[in-house]
Amino acid sequence: MSLKDVKPQVGDKTAEGKLVTLTNICKSFDNEEILKNVNLYIKDKTFVTLLGPSGCGKTTILRIIGGFETPSSGEVYFGDTIMNDVPPHKRPVNTVFQKYALFPHLNVFENIAFGLRIKKLPEAEIKAAVKKMLALVDLKGYERRPINKLSGGQQQRVAIARALVNMPKLLLLDEPLGALDLKLRKDMQLELKKIQQQANITFIYVTHDQEEALTMSDIIVVMKSGKIQQIGTPQDIYNEPANAFVADFIGESNIIDAVMTENKKVTFCGHEFDCVDDRFEDTTLVDVVVRPEDVDVTSPENGMVCGVVEDSVFKGVHYEMTVKCGEYYWLIHSTDSQPVGATIGMSLDPDCIHIMRKMFPTTETHIDIDEFTVEDGKVTFTLEDSEFTVDDASVSEDDSLSAVFEPFDIQITAENEGDFNGYLDSVIYKSYYNEMIVITDNNRWLVKSYSDEQVGTTVGVKINPQAIRLEKKEAAQNEV
Ligand code: ATP
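Structure report, in brief. Just so it is clear, the structure is predicted and the values come from calculations on it, not from any experiment. (Residues numbered from 1 in each chain as written. Predicted model: local features only at pLDDT ≥ 70, side-chain atom pairs only at ≥ 80, totals over all residues. Heavy atoms only, no water.)

A few points about the nonpolar core
Core analysis: the largest hydrophobic core is formed by 35 residues, its most contacted members being Ile112, Val158, Ile160, Leu164, Leu171, Leu192 and Phe203. A per-element tally of this core places helix α4 (residues 152–164) first, with six residues. Apart from residues lying up to four places away in sequence, isoleucine 112 is in contact with Val130, Met133, Leu134, Val158, Ala161, Arg162 and Val165. Membership of the second largest hydrophobic core comes to 29 residues, among which are Phe268, Phe280, Ile355 and Tyr433. (Core = buried A, V, L, I, M, F, W, Y, C linked by side-chain atoms within 4.5 Å. Buried < 20%, exposed > 50% of the residue type's maximum accessible area, 1.4 Å probe, protein only. Helix = DSSP H or I, 4+ residues; strand = E, 2+ residues; numbered from the N terminus. Contact = heavy atoms within 4.5 Å.)

Section: the sheet that holds strand β26 (residues 410–413)
Hydrogen bonding along the main chain pairs the strands of a sheet, whether they run parallel or antiparallel. The five strands are arranged β26-β30-β27-β28-β29 in an open sheet whose pairing can be described as antiparallel. Each of the sheet's edge strands pairs with one partner strand only, and the pair in question is β26 and β29 (444–449). Going across the sheet, the axis of each strand differs from the next one's by a mean of 45°, ignoring polarity. Note that strand β27 (residues 420–429) and strand β30 (residues 458–463) share four bridges and pair antiparallel. (Pairing = 2+ DSSP bridges. Axes fitted to C-alpha atoms, helices over the stretch in contact; angles between N-to-C directions.)

Some words on the packing of aromatic side chains
Under the defined criterion, the tally for this structure stands at 14 aromatic pairs. Summarising the aromatic geometry, the rings of phenylalanine 103 and phenylalanine 114 are spaced 4.5 Å apart at their centres and angled 45° between planes, so their arrangement reads as tilted. Pair noted here: phenylalanine 103 is in the loop between β6 (93–96) and α2 (108–118) and phenylalanine 114 is in helix α2, with a separation of eleven residues, a long-range link. Among the residues examined, phenylalanine 103 registers a relative accessible area of 24% and is labelled partly exposed. Under the relative-accessibility criterion, phenylalanine 114 is labelled partly exposed at 34%. Here phenylalanine 405 and tryptophan 445 contribute two aromatic rings whose centre-to-centre distance is 4.9 Å and whose plane-to-plane angle is 65°, an arrangement assigned as edge-to-face. One end of the pair, phenylalanine 405, is in strand β25 (residues 401–405); the other, tryptophan 445, is in strand β29, and 40 residues separate them in sequence. Members of the aromatic cluster, connected to one another through ring pairs, are Tyr328, Phe408, Tyr432, Tyr433 and Tyr450. (Phe/Tyr/Trp six-rings, centres within 6.5 Å; stacked < 30°, edge-to-face > 60°.)

Structural data, given as structure tokens:
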């Protein structure tokens, strides 16, 4: 295992077995960039899932592949043919949406046969094709059943049969199980995987449900804010997440601030652990990811670190414990029951410690202040259209300044209730606080907060002027 950076696979349309290749795809709506240079190839006969939080651009990618949207720039290849301007009905693709819109006045047979009748195929051929599809989706004997007499799961299977009967090379599925209840959804997940394997074609599936993605996919493409974060098998994505966002999004994990000053050693929670990664050349600060099932519970004297059990819930196979270790709360899955209040030891194998590059490059937000006024020891400047005044008698008008904002001193409020608004690009639970990245027109802000916020929303940002620190930039820099 080596240190991980984000390495999307770049489409190679000439390589064998690649059904669809997207190269440098960008898409903007109303001047807002929704997809930012997406590079991806999809191999023939695989089950590929686009996974990510709401609004990250999954459906837009699907619609571009289906021909319902045109990219602002970049190429869509089917094999080695550019398809950018080819309309949906001329692509070897069918789509199943969440709202699958079956024809209520037609029975199951006629719903599935609909596309073939439009193509005016001979009756015997239609019968044979529909029969095959009914067997594939496990609805043999339902031919004459009216659509409104079917359960949600059965209707979904009819929708899939209706799409597959046209023999597409590629089936696009946009959250098709979203309307079903949990039990049915779980059954249908396994069913869909079976159907894909038996039909022996490619499925591209969109979901924001990580468990669904892990259950069904050969390959998962994890997305955030219009960018691919990681492409890999479910095992790769779970065991070797590319960054803290992926680790947080896929399964449960402990994500802890850590320091790495030498190779294969990492310090967190007051202990220097052995790990298998080398340090990054440009920073000692890293995030460590530890899966709850990878923590070994020991006696306090045998543990690498100790903690106190705060909470323990039996989950059927294991106990889920919250253990306070310093200021961090570790989530642990163990078959060993430990009572609340007990002090326990915790140990980690080196290869269970995953080292991640931090998503924000510095520990505080630094912003250059190009224009400011100084009067009576008060420095006044404008940031994001809001005026701030900071007491600092040491500043003169000839100085070149930057303002430094401590992450815990920036407060997130409701939209329009702060000093300015920003887009909440990332929220990662760091075992006792939430680390957030807020994007404004000109800056990225690092915020640490005990409150929970919804990623992908517009929030207010409130800054306490007392907590702004002004730093003078070097004289040498001033002369440039
Ligand atoms: P969800 O899971 O909520 O469907 P998603 O990841 O599939 O999310 P998209 O549907 O691709 O996301 O949308 C990405 C962004 O693009 C959203 O902010 C959405 O509002 C915007 N968007 C999508 N289609 C259009 C459009 N036709 N016009 C304007 N904005 C659009």
